[in-house]
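# Coordinate analysis (summary)
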Amino acid sequence: MQVWEVKRLLQPMFESMLTSEELRSLTFRVVRVVDGMNGRGLPDSDVIELSRVWVRWQIAGEDGGSGSLILENGIDSLASGFHEGGSARRVKS
């Protein structure tokens, strides 16, 4: 699975959860877990290996992120994890 596929999946989720003002301020990136919370976002063309990435975002000046993304079973499994209330958390800046 490539980074752009994960981003394409996430965009509608953010759109359904955030207000218009929050959406305008939203930035997010897919980061390797080993690079930590402040890691550089991976290029859209990178292939993601197993569960070694997470999503980091900033909304209205607040940082947040997901747990490790479970990718072993492909994009359908990842999508169902988001719809079943996958983990997300806000982190104080």
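The shown structure was predicted, so the numbers you read here are calculated from the model rather than taken from an experiment. (Residues numbered from 1 in each chain as written. Predicted model: local features only at pLDDT ≥ 70, side-chain atom pairs only at ≥ 80, totals over all residues. Heavy atoms only, no water.)

### Comments concerning the environment of Val 53
Put simply, the test is: Helix and strand definitions follow DSSP, with helices as H or I runs of at least four residues and strands as E runs of at least two, each counted in order from the N terminus. Every residue pair with non-hydrogen atoms within 4.5 Å of one another is taken to be in contact.
Relative to the elements of secondary structure, Val 53 occurs in strand 2 (residues 53-59). In sequence terms Val 53 and Ile 70 are 17 residues apart; their C-alpha atoms lie 8.6 Å from each other. Excluding its chain neighbours within four sequence positions, the residues that come into contact with Val 53 are Val 30, Val 31, Arg 32, Val 33, Leu 42, Ile 48, Gly 67, Ser 68, Leu 69 and Leu 71.

### Here's the deal with the confidence of the model for the protein
This is how it is decided: Each residue gets a pLDDT score, which is the predictor's confidence in that residue and runs from 0 to 100.
Mean pLDDT for the protein: 81, with 76% of residues reaching 70 or above. Mean pLDDT values over the elements of the protein span from 45, in strand 4 (residues 88-91), up to 96, in helix 2 (residues 20-25). Contacts for the low-pLDDT stretch residues 82-93, under 50 throughout, to residues beyond four places or in other chains number 29 contacts.

### Brief notes about the packing of aromatic side chains
Just so we agree on the cut-off: Ring geometry is summarised as follows: Phe, Tyr and Trp rings, the Trp one being its six-membered ring, pair when their centres sit within 6.5 Å, and such pairs are stacked at plane angles under 30 degrees, edge-to-face over 60 and tilted between the two. Whether a residue is buried, partly exposed or exposed follows from its accessible area with a 1.4 Å probe, protein chains only, as a fraction of its type maximum: under 20%, in between, or over 50%, in that order. Consider the ring centre and the ring normal. A charge sits over the ring if Lys NZ or Arg CZ is within 6 Å of that centre and within 35 degrees of that normal.
What the rule picks out here adds up to two aromatic pairs. Judged by centre distance (4.9 Å) and plane angle (45°), the rings of Phe 14 and Phe 28 are tilted. Residue Phe 14 is located in helix 1 (residues 3-17), and its partner Phe 28 is located in strand 1 (residues 27-32); the two are separated by 14 residues in the primary sequence. On the basis of relative accessible area, Phe 14 is assigned to the buried category, the value being 4%. Taking the relative accessible area as the measure of exposure, Phe 28 reaches 17% and is therefore buried. Their ring planes at 80° and their centres at 5.6 Å tell us that Phe 14 and Trp 57 sit as a pair that is edge-to-face. Of this pair, Phe 14 sits in helix 1 while Trp 57 sits in strand 2, and the two are 43 residues apart along the sequence. Counting every residue linked through ring pairs, the aromatic cluster contains Phe 14, Phe 28 and Trp 57. Directly above the ring of Trp 54 sits Arg 56, whose terminal nitrogen or CZ lies 5.8 Å from the centroid.

### A look at the environment of Arg 32
Following the sequence through the fold, Arg 32 ends up in strand 1. Residues Arg 32 and Leu 42, 10 residues apart in the sequence, show an inter-C-alpha distance of 7.6 Å. Excluding residues within four positions of it along the chain, Arg 32 makes contact with Leu 42, Arg 52, Val 53 and Trp 54.

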